Amino acid sequence: MRALFYGSEHAPYHPMEEVGRRVQELLPELEIRLTDREGELRELERETYDICFLYADFENPPLARETAAALLGFAAQGGGIFAIHGGIAIQNRSELGQLLGGIFTGHPPYDGLPTVYYKVADPAHPLTAGVEDFAIPDELYLFELPKLEDRRIFLFYEEKGVLYPAGWTREYGLGRVVYLCCGHNVHAFEEEMLCRLIKNGAEWLMERRNKQDA
């Protein structure tokens with residue numbers, strides 16, 4: 001099984017190299033290629049890759065229309081999309097916001113990197129198997145969630161007594177999509193529960209692919 005991990009090493013807030021290496025360590029069963037070249041996203045094919053990880057940054061320019069089309073086609077034909085934290089930055093193209101199932105709208109006010117309290121929203125979801133509530137220094141995101149019947153929220157974060165969505169899955173064509181808000185920097189991935197979410201998410205995406213190849 002092969003995967004592409006896309007981001008930018010020179011991003012001002014979410015450089016991808018350290019996080020990409022950590023994901024490689026967590027998922028040794030996957031052959032994961034790290035890249036900061038948008039052109040490689042345009043070459044995504046279901047026959048070449050099983051999963052595309054997205055760990056991007058909002059400072060980057062919007063992806064080209066051809067790149068968006070390649071991502072949409074990859075998912076529709078059965079590929080898995082796993083967007084982590086700033087990976088939702090690709091939603092600066094509206095069609096990709098629909099693909100990911102959520103649109104970033106900003107940050108709650110905060111001073112410095114706060115401790116974020118994550119809570120399991122759906123104990124029966126495959127992504128939360130073995131996962132308990134946890135807290136890590138992290139960056140809060142707010143989202144607008146388009147009306148989608150197939151979106152399933154599996155994780156919340158709590159801020160001032162209010163629960164906000166922090167992770168969800170959806171089906172897209174023959175493929176699957178995971179979004180996970182956690183992971184502002186590589187230190188977040190020292191948390192065991194976050195590591196389990198990454199592993200569970202990859203397994204859930206590969207499950208669909210394995211059924212297609214059976």
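Before reading on, note that the structure itself is shown above.
So, how was this worked out
- Residues numbered from 1 in each chain as written.
- Predicted model: local features only at pLDDT ≥ 70, side-chain atom pairs only at ≥ 80, totals over all residues.
- Heavy atoms only, no water.
- Helix = DSSP H or I, 4+ residues; strand = E, 2+ residues; numbered from the N terminus.
- Rg over C-alpha atoms; globule rule 2.2 N^0.38 Å.
- Buried < 20%, exposed > 50% of the residue type's maximum accessible area, 1.4 Å probe, protein only.
- Contact = heavy atoms within 4.5 Å.
- Areas by Shrake-Rupley, 256 points an atom, 1.4 Å probe, with all protein chains shown as cover.
- Lys, Arg positive; Asp, Glu negative; His and termini not counted.
- Charge placed at Lys NZ, Arg CZ, Asp CG, Glu CD.
- Arc of directions from axis to C-beta.
- Phe/Tyr/Trp six-rings, centres within 6.5 Å; stacked < 30°, edge-to-face > 60°.

1. A closer look at the overall build of the protein chain
Helices and strands together make up the secondary structure of the protein chain, namely five helices and eleven strands. The C-alpha radius of gyration computed for the protein chain amounts to 16 Å, which stays within 12% of the reference 17 Å derived for 214 residues, consistent with globular compactness. Judged by the C-alpha coordinates and their principal axes, the protein chain covers about 45 × 35 × 35 Å. Burial analysis of the protein chain (214 residues in total) assigns 54% to the buried set. Contacts spanning at least 24 positions in sequence make up 72% of the contacts within the protein chain whose residues lie at least 6 apart. Accessible surface computed for the protein chain: about 9500 Å², of which carbon and sulfur atoms make up 47%. Within the protein chain, one finds 21 positive and 35 negative side-chain charges whose respective centroids are separated by 6 Å.

2. Examining helix α1 (residues 16-26)
Buried within α1 are the following residues: Met16, Val19, Gly20, Val23 and Leu26. In an axial view of α1, the angular spread of the buried residues amounts to 120 degrees, which keeps them on one side of the axis. In α1, the exposed positions that point more than 90 degrees away from the buried face belong to Glu18 and Glu25.

3. Comments concerning the packing of aromatic side chains
For the coordinates displayed, the defined rule picks out ten aromatic pairs. Between Phe53 and Phe82, the aromatic rings sit 5.4 Å apart at their centres with planes inclined by 25 degrees, giving stacked as the arrangement. You can see Phe53 sitting in strand β3 (residues 51-55) and its partner Phe82 sitting in strand β4 (residues 80-84), a full 29 residues away along the chain. When its relative accessible area of 0% is taken as the criterion, Phe53 is described as buried. Among the residues examined, Phe82 registers a relative accessible area of 0% and is labelled buried. Aromatic pair Tyr141 and Phe143: ring centres 6.2 Å apart, planes at 75 degrees, arrangement edge-to-face.

By themselves, these observations are geometric and do not establish any function.
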